[in-house]
Amino acid sequence: MLRKKHAKLKLELEKIQNNTSQWKVTISESETKSLLRQIKSKAFFGRVKTKKRWKEISTLPYSEAQKELEQREREIAIINDFSQNSIEFCEIS
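Notes on the structure follow. (Residues numbered from 1 in each chain as written. Predicted model: local features only at pLDDT ≥ 70, side-chain atom pairs only at ≥ 80, totals over all residues. Heavy atoms only, no water.)

1. What to know about the overall build of the chain
Point 1. Counting secondary structure elements, the chain contains 4 helices and 0 strands.
Point 2. Moving toward the C terminus, one meets the helices and strands of the chain in the order α-α-α-α.
Point 3. In terms of overall size, the chain is more extended than a compact globule, its C-alpha atoms giving a radius of gyration of 16 Å where 93 residues would be expected to give roughly 12 Å.
Point 4. Viewed in the frame of its principal axes, the chain has a C-alpha envelope of about 55 × 25 × 15 Å.
Point 5. Taken over 93 residues, the chain has a buried fraction of 26%.
Point 6. Within the chain, residue pairs in contact and separated by at least 24 positions form 74% of the contacts whose partners lie at least 6 positions apart.
Point 7. The centroid of the 20 positive side-chain charges in the chain is displaced by 6 Å from the centroid of its 13 negative side-chain charges. (Helix = DSSP H or I, 4+ residues; strand = E, 2+ residues; numbered from the N terminus. Rg over C-alpha atoms; globule rule 2.2 N^0.38 Å. Buried < 20%, exposed > 50% of the residue type's maximum accessible area, 1.4 Å probe, protein only. Contact = heavy atoms within 4.5 Å. Lys, Arg positive; Asp, Glu negative; His and termini not counted. Charge placed at Lys NZ, Arg CZ, Asp CG, Glu CD.)

Below is the structure:
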């Protein structure tokens, strides 16, 4: 069971690693959450700051930012699951 989950997560992780062409810089989990929060914010200066940062980290237009950041959150969750699963796998072995 654990081996199947590990293999599945490994395939998903490889898919994530092969699909990073839209990022100039790989962003962390905390920055992803922060940018999403700022995009949803109504504050003018927060959005301006977010647009500027988006141009620094991504090749995609700002209109795609929220969708891509939500996807990045899902990818980070998969990476975290893989790490946790690897730890459990090593403890058993």
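2. Overview of the nonpolar core
Point 1. Residues Trp23, Ile27, Leu35, Leu36, Ile39, Trp54, Ile57, Ala65 and Leu69 constitute the largest nonpolar core, which totals 9 residues.
Point 2. For this core, the elements supplying multiple residues, two or more each, are α2 (29-40), α3 (44-57) and α4 (65-92).
Point 3. Trp54 has contacts with Trp23, Leu60, Pro61, Tyr62, Ala65, Glu68 and Leu69, leaving out every residue within four places of it along the chain. (Core = buried A, V, L, I, M, F, W, Y, C linked by side-chain atoms within 4.5 Å.)

3. Details of α3
Point 1. Look at α3: 20 Å from first C-alpha to last across 14 residues, which is about the 20 Å you get at 1.5 Å a residue.
Point 2. Buried within α3 are the following residues: Thr50, Trp54 and Ile57. Looking straight down α3, one finds that the buried residues subtend no more than 70° of arc, so they occupy a single side. Turned more than 90 degrees away from the buried face of α3 sit Phe44, Phe45, Lys49, Lys52 and Lys55, all of them exposed.
Point 3. Contacts made by the buried residues of α3 are with α2 and α4. (Expected span 1.5 Å × (residues − 1). Arc of directions from axis to C-beta.)

4. Topic: a positive patch on the surface
Point 1. Where like charges cluster on the molecular surface, the positive patch consists of Lys42, Arg47, Lys51 and Lys55.
Point 2. Within the secondary structure, Lys42 is located in the loop between α2 and α3.
Point 3. Using a relative accessible area of 73% as the deciding quantity, one classes Lys42 as exposed. (Patch = residues over 30% accessible without salt bridge, like charges linked within 9 Å, V, L, I, M, F, W, Y side chains within 5 Å. Areas by Shrake-Rupley, 256 points an atom, 1.4 Å probe, with all protein chains shown as cover. Salt bridge = Lys/Arg side-chain N within 4 Å of Asp/Glu carboxyl O.)

5. Some points on the environment of Ile27
Point 1. Relative to the elements of secondary structure, Ile27 occurs in the loop between α1 (2-18) and α2.
Point 2. Taking relative accessible area as the criterion, Ile27 reaches 2% and is therefore assigned buried.
Point 3. Placed 15 residues apart in sequence, Ile27 and Lys42 show a C-alpha to C-alpha distance of 23 Å.
Point 4. Those residues in contact with Ile27 that sit more than four places away from it in its chain are Thr32, Leu35, Arg53, Ile57, Leu69, Arg72 and Ile76.

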